[in-house]
Amino acid sequence: MPNRVFSGIQPTGLVHIGNYLGAIKAWANLQHRFESLFCIVDYHAITVPFEPGLMQQNIFDAAVANIAAGLDPEVATIFVQSHVPEHTELAWILNTITPMGRLSHMTQFKEKSRQISGEVNVGLFDYPVLQAADILLYKADLVPVGQDQVQHIELTRDIARKFNVTFGDTFPSPRAQLSKAARIMALGDPTKKMSKSLPGSYIALTDPPERIRELVMRAVTDTGPSPETDMTPGVANLFTMLREFSAPDTVREYEDAYASRTLRYSDLKNTLVEDIIAALAPIRARASELAASPQRVHNILRDGAEKAKAIAQKTMAEVKLKMGLV
Ligand code: AQP
């Protein structure tokens, strides 16, 4: 039985329905069962090119979207990574017991470094160690993440084990809780995942109805259901979203229409638009209410950082003592 849950989201742009279905919904559920910490990981976000002038707004928007989508600051600890300096302090220590070879095999590092046009920085290479520090700092034993993060959680477990063997038992062995939701793909290119940093790929939780309509109507499909070929990725993505946002009867109706080749994608898209708009309406309303009281949001993040710091400082004191650093 886990005691503590930790997960994070990068302030790299507007929080979208992929983040919501793949992560935030599960977090909102877990927060009522376990002590939970949710972190806006700004130090992770600076490992790829970013706009300093937008960072504060992105952090604020991430907090607003997560709270509006169901994270409850009365129940969970919601905070910003850079407000708790112990994250980088522990990351430095963990660097000293992490083999370089392991980091160079990380899939996310290889993918992200391919996408960067200029030089790849050390921070991107070291990203998984900072993530390990995020988790171990709170001695979290459950980390709800997407499939793409499993490799990083395995590394975190190995780092924890190495620390425990070398310096004495300190960290629990965290395990990944994989999201059951299907991955939502980019609307403009359904071979890529929906991403904050891929403009036109995502529906933000705070997008107005007209924008949602525009994005869904523009989503890539094909010329129509065909008996010879499998469902194309764009159409499969529309069905994935339909299963998440529409009633089971509606889903069945469209699946039958697809199977009998009578489906018109414009009808499917119109239904999807209406159901996404309806599902996001309360989130959007809560988000605009929160955005109108920035001080309230800042207070939530300040209180969250204080609560997180109390745990983090205790762990660091223990780590330093075991390593002879005091
Ligand atoms: N398309 C997606 N479908 C389902 N789940 C998704 N997640 C992200 N995209 C999808 C889940 O959201 C959580 C937070 O993600 P993150 O901000 O840490 O980074 P990410 O996975 O890299 O998200 P983005 O939107 O693609 O951001 P950028 O563009 O900055 O890389 C994670 O649990 C993730 O699984």
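The residue numbers shown here count from 1 along each chain, following its written sequence. A pLDDT threshold of at least 70 governs which residues receive local features in this predicted model, and a stricter bar of 80 or more applies before side-chain atom pairs are shown or counted, although totals over entire chains, interfaces and linings include all residues. In computing side-chain values, all of the structure's heavy atoms are included and hydrogens and water are not.

### Overview of the overall build of the protein chain
For the protein chain, the count of helices and strands is 13 helices and 5 strands. Taken over the C-alpha trace, the protein chain has a radius of gyration of 21 Å; the compact-globule value for 326 residues is 20 Å, and the two agree within 12%. A principal-axis box enclosing the C-alpha atoms of the protein chain has dimensions of 70 × 45 × 45 Å. Residue exposure (1.4 Å probe, protein chains only): buried if accessible area is under 20% of the type maximum, exposed if over 50%, otherwise partly exposed. Each of the 326 residues in the protein chain was classed as buried or not, and the buried ones make up 50%. When contacts within the protein chain are restricted to residue pairs at least 6 apart in sequence, long-range pairs at least 24 apart make up 77% of them. Under the scheme used here, helices are H or I runs from DSSP no shorter than 4 residues and strands are E runs no shorter than 2 residues, and both carry numbers assigned from the N terminus. The reference for a compact globule is 2.2 Å times residues^0.38; the radius of gyration itself is calculated from the C-alpha atoms. For this analysis, residues touch if any pair of their heavy atoms sits within 4.5 Å.

### Let's talk about the environment of Gln81
Turning to its location among the elements, Gln81 is positioned in the loop between strand 3 (77-80) and helix 4 (86-95). The exposure class assigned to Gln81 is buried, which follows from its relative accessible area of 0%. On a C-alpha basis, the gap between Gln81 and Gly8 in space is 8.9 Å, while along the polypeptide they are 73 residues apart. Setting aside residues up to four positions removed in sequence, Gln81 forms contacts with Cys39, Ile40, Val41, Asp42, Tyr43, His44, His87, Leu130 and Asp134. Separated by 2.8 Å, the side chain of Gln81 and the backbone nitrogen of Tyr43 make a polar contact. Contacts described as polar in this section are N or O atom pairs within 3.5 Å, which, within protein, must combine one atom able to donate a hydrogen with one able to accept it, while residues neighboring in sequence count only if both atoms come from side chains. Polar side-chain contacts of Gln81 include one of 3.4 Å to the backbone nitrogen of His44.

### Concerning helix 9 (residues 209-218)
Of all the residues in helix 9, the buried ones are Ile212, Leu215 and Val216. Angularly, the buried residues of helix 9 cover 95° about the axis, an arc narrow enough to put them on a single face. Residues of helix 9 that are exposed and point more than 90 degrees away from the buried face comprise Glu210 and Arg218. Those residues of helix 9 that are buried are in contact with helix 12 (265-291). Directions pointing from the helix axis toward each C-beta atom define the arc.

### Notes on the nonpolar core
Among buried residues, those of type Ala, Val, Leu, Ile, Met, Phe, Trp, Tyr and Cys that are joined through side-chain atoms within 4.5 Å constitute a nonpolar core. In this structure, Ile17, Ile203 and Leu280 are the most contacted members of the largest nonpolar core, which totals 65 residues. With 10 residues, helix 12 is the largest single contributor of residues to this core. Once residues within four sequence positions are removed from consideration, Ile17 is found in contact with Ile184, Met194, Ile203, Leu205, Met241, Phe245 and Leu280. Among the nonpolar cores identified, the runner-up in size contains 41 residues, and Cys39, Val41, Leu90 and Ala312 belong to it.

### Quick notes on the site of the ligand
What surrounds the ligand is a group of 18 residues, the closest being Thr12, His16, Ser195, Lys196 and Ser197. In the environment of the ligand, an oxygen atom lies 2.8 Å from a nitrogen or oxygen atom belonging to the side chain of Lys193. Within the side chain of Ser197, an N or O atom sits 2.4 Å from an oxygen atom of the ligand. In this description, accessible areas are obtained by the Shrake-Rupley approach with a 1.4 Å probe, and a residue is regarded as covered only by the protein chains that are shown. About the coverage of the ligand: the protein hides 91% of its 640 Å² of free accessible area. Consider each residue's heavy atoms; a residue with any of them within 4 Å of a molecule or strand counts as near.

### So, unusual backbone geometry
Although it is not a glycine, Lys139 adopts a positive phi angle of roughly 50°. Turning to its location among the elements, Lys139 is positioned in the loop between helix 7 (122-137) and strand 4 (142-145). Lys139 sits in the partly exposed class, given a relative accessible area of 25%.

### Here we look at the pairing of strand 2 (residues 35-40)
With 5 of its 6 residues buried, strand 2 lies for the most part within the structure. A crossover counts as right-handed when, viewed with the strands pointing away from the observer, the path leading from the first strand over the helix to the second turns clockwise. In the classification by handedness, the crossover that spans strand 1 (residues 4-9), the intervening helix 1 (residues 17-30) and the parallel strand 2 is right-handed.

### A few points about the packing of aromatic side chains
Any two rings among Phe, Tyr and Trp, with Trp reduced to its six-membered ring, count as a pair given centres within 6.5 Å; such a pair is stacked if its planes are under 30 degrees apart, edge-to-face if over 60, and tilted if neither. If you walk through the whole model with that rule in mind, you get 7 aromatic pairs. With a centroid separation of 4.9 Å and 50° between ring planes, the pair formed by Phe163 and Phe167 is classed as tilted. Here Phe163 pairs with Phe167, and both are found in helix 8 (residues 150-167), just 4 residues apart, close to one helical turn. Since its relative accessible area comes to 0%, Phe163 is described here as buried. One aromatic cluster in this structure is built from Phe6, Phe79 and Tyr138.

### A few points about helix 1
One fewer than the residue count of a helix, multiplied by 1.5 Å, yields its expected span. With 14 residues, helix 1 extends 19 Å from end C-alpha to end C-alpha; this agrees with the ideal 20 Å at 1.5 Å per step. A bend of about 40° at Ala23 is the largest found in helix 1. Burial within helix 1 is extensive, with 10 of its 14 residues counted as buried. Of all the residues in helix 1, the buried ones are Ile17, Gly18, Asn19, Tyr20, Leu21, Ala23, Ile24, Trp27, Ala28 and Leu30. Note on bend: at a given residue it equals the angle between the axes fitted to the 7 residues ending there and to the 7 starting there.

### Things to note about the side chain of Gln31
Position of Gln31 among the secondary structure elements: in the loop between helix 1 and strand 2. With a relative accessible area of 4%, Gln31 lands in the buried category. Engagement of the side chain of Gln31 in a polar contact is seen with the backbone oxygen of Gly70, the distance being 2.8 Å. Looking at Gln31, its side chain comes within polar contact range of the main-chain nitrogen of Asp72, at 2.9 Å. Not counting residues up to four positions away in its chain, the partners in contact with Gln31 are Ser36, Phe38, Gly70, Leu71, Asp72, Val75 and Ala76.

### Side note on the packing of helix 9 against helix 12
For helices, the axis comes from a line fit to the C-alpha atoms of the stretch in contact; other axes are also lines fit to C-alpha atoms, and the angle between any two N-to-C directions lies between 0 and 180 degrees. Across the interface, helix 9 lies against helix 12 with an axial gap of 9 Å and an inter-helix angle of 145°. Judged by the twist between their axes, the crossing of helix 9 over helix 12 is right-handed. Taken together, the residues of helix 12 that come into contact with helix 9 (itself represented by Pro209, Ile212, Arg213, Val216, Met217 and Arg218) are Ser266, Lys269, Asn270, Leu272, Val273, Glu274, Ile276, Ile277, Leu280 and Arg284. Crossing handedness: left-handed means the near helix sits turned counterclockwise from the far one by under a right angle, and right-handed means the same turn made clockwise.

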